[in-house]
Amino acid sequence: MIKRAHIRQFLAVVDAGSFTQAALRIRVTQPALSTGIAELEKLVGTPLFIRNRRQIRLTEAGGRFLPIARDLERGFRAADGFGRDADRQAAELKLGIIRSAPGELLQAIAAALRPGFSIELVENSDSELRSALGSGRLHMALVPLRDGERGEHVVPLYEEPLAMFVAADHPLAGRIEVGPEELAAETMIARRSCEFLGATSRFFTRHGVRPRFALRSESDERCLRMVAAGVGITTAPMSLAIEGIVPLKVAGYDFRRELGLLLAPAWRALPEVAPRLAHALETIGAIAAEWRRSRVDAAA
């Protein structure tokens, strides 16, 4: 007989992507987890995971079993809460976020969602978050929207340009626009979280700019504070500007991003989710409009 422990173990491995991390997440030993998964595979009559040294991934049968397992887990959760005040039970929300999401905006979005949802945040790249959303490991993702990406389960928030940022006392700070070749002697700072990192590198290479790098970091705050300190210059979305740095337009550098929320259709349609989400999204829309006005338009 399949038990709830089997379902929890299966979902933990799917969500963590490894037996080691899954065991830590649900607080069991790795041998106990492996035994539980082996029992489940015996009960369903087929392997559910392909195991190799680099990664753990679902078999075709595992992919078919995944939505069943998630439905079972939701049923177990509903049974746990049966008889309680349903209106007071927060719905589960696994929210994926890109690393370059502005912290202040994310705080406001989380605050809008928190009254109706029990939130777990997952930070990753755009491609990884989209994959997790498609496989049911996430319910919602804050990501850069792709060209023309619209639909019932897409919630656009705001659009903004990227600019080169320099320290407020930098010699170029007073210029309205510079040519890329004028930056050849500048020291750069690489924001590894930037969605346009590769495209930015190719842009400057095409113009013969091969700068020295003073810092390469996943931390946007660290990169921008080093710009403010005069250590180097970097490209970033306008909304990430901090005190002590100013945007500088580089001729031909016309990258823009539009942040938005992607919603998992099956999760959004759940009766305990739909009414709470509709209210939260209305609040988030107002937050995004104010954010664009105060942080993007004002900095332009």
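Our structure is the block above this text.
It should be emphasised that the depicted structure is a prediction, and the values quoted were computed from it without experimental measurement. (Residues numbered from 1 in each chain as written. Predicted model: local features only at pLDDT ≥ 70, side-chain atom pairs only at ≥ 80, totals over all residues. Heavy atoms only, no water.)

## Details of helix 2 (residues 19-26)
Within helix 2, the full set of buried residues consists of F19, A22, A23 and I26. In an axial view of helix 2, the angular spread of the buried residues amounts to 100°, which keeps them on one side of the axis. Of the surrounding secondary structure, the elements contacted by the buried residues of helix 2 are helix 1 (4-16), helix 3 (30-44), strand 1 (49-51) and strand 2 (56-58). One side-chain oxygen at the N-terminal end of helix 2 lies 3.0 Å from the backbone nitrogen of Q21; it belongs to S18. (Buried < 20%, exposed > 50% of the residue type's maximum accessible area, 1.4 Å probe, protein only. Helix = DSSP H or I, 4+ residues; strand = E, 2+ residues; numbered from the N terminus. Arc of directions from axis to C-beta. Contact = heavy atoms within 4.5 Å. Polar contact = N/O pair within 3.5 Å; in protein donor to acceptor, adjacent residues only side chain to side chain.)

## Quick look at helix 6 (residues 126-134)
Turning to helix 6, its buried residues are D126, L129, R130, A132 and L133. For helix 6, the buried positions fall inside an angular range of 160° around the axis, keeping them on one side. Where the residues of helix 6 are buried, they touch strand 3 (91-98), strand 4 (117-124), strand 5 (140-144) and strand 12 (256-263). With its phi angle positive at about 90°, G136 sits one or two positions after the end of helix 6.

## Considerations on the packing of aromatic side chains
Tallied over the full model, the rule gives 9 aromatic pairs. Both rings, one in F203 and one in Y253, keep their centres 5.4 Å apart while their planes meet at 70°; by these two values the pair is edge-to-face. With F203 in helix 7 (residues 197-206) and Y253 in the loop between strand 11 (245-250) and strand 12, the pair connects residues that are 50 residues apart, well separated along the chain. For the pair formed by F203 and Y253, the shared burial category is buried. Summarising the aromatic geometry, the rings of F204 and Y253 are spaced 6.2 Å apart at their centres and angled 25° between planes, so their arrangement reads as stacked. In this pair, F204 is assigned in helix 7 and Y253 in the loop between strand 11 and strand 12, connecting sequence segments 49 residues apart. Connected via pairs of aromatic rings, a cluster forms that spans F196, F203, F204, Y253 and F255. (Phe/Tyr/Trp six-rings, centres within 6.5 Å; stacked < 30°, edge-to-face > 60°.)

## So, the pattern of salt bridges
One pass over the full model with this rule turns up 17 salt bridges. Measuring nitrogen to oxygen at the nearest pair gives 3.1 Å for the salt bridge that ties R4 to E73. Placement of the pair is R4 in helix 1 and E73 in helix 4 (residues 60-80), with a sequence separation of 69 residues. Classification of R4 by relative accessible area gives partly exposed; the value is 25%. (Salt bridge = Lys/Arg side-chain N within 4 Å of Asp/Glu carboxyl O.)

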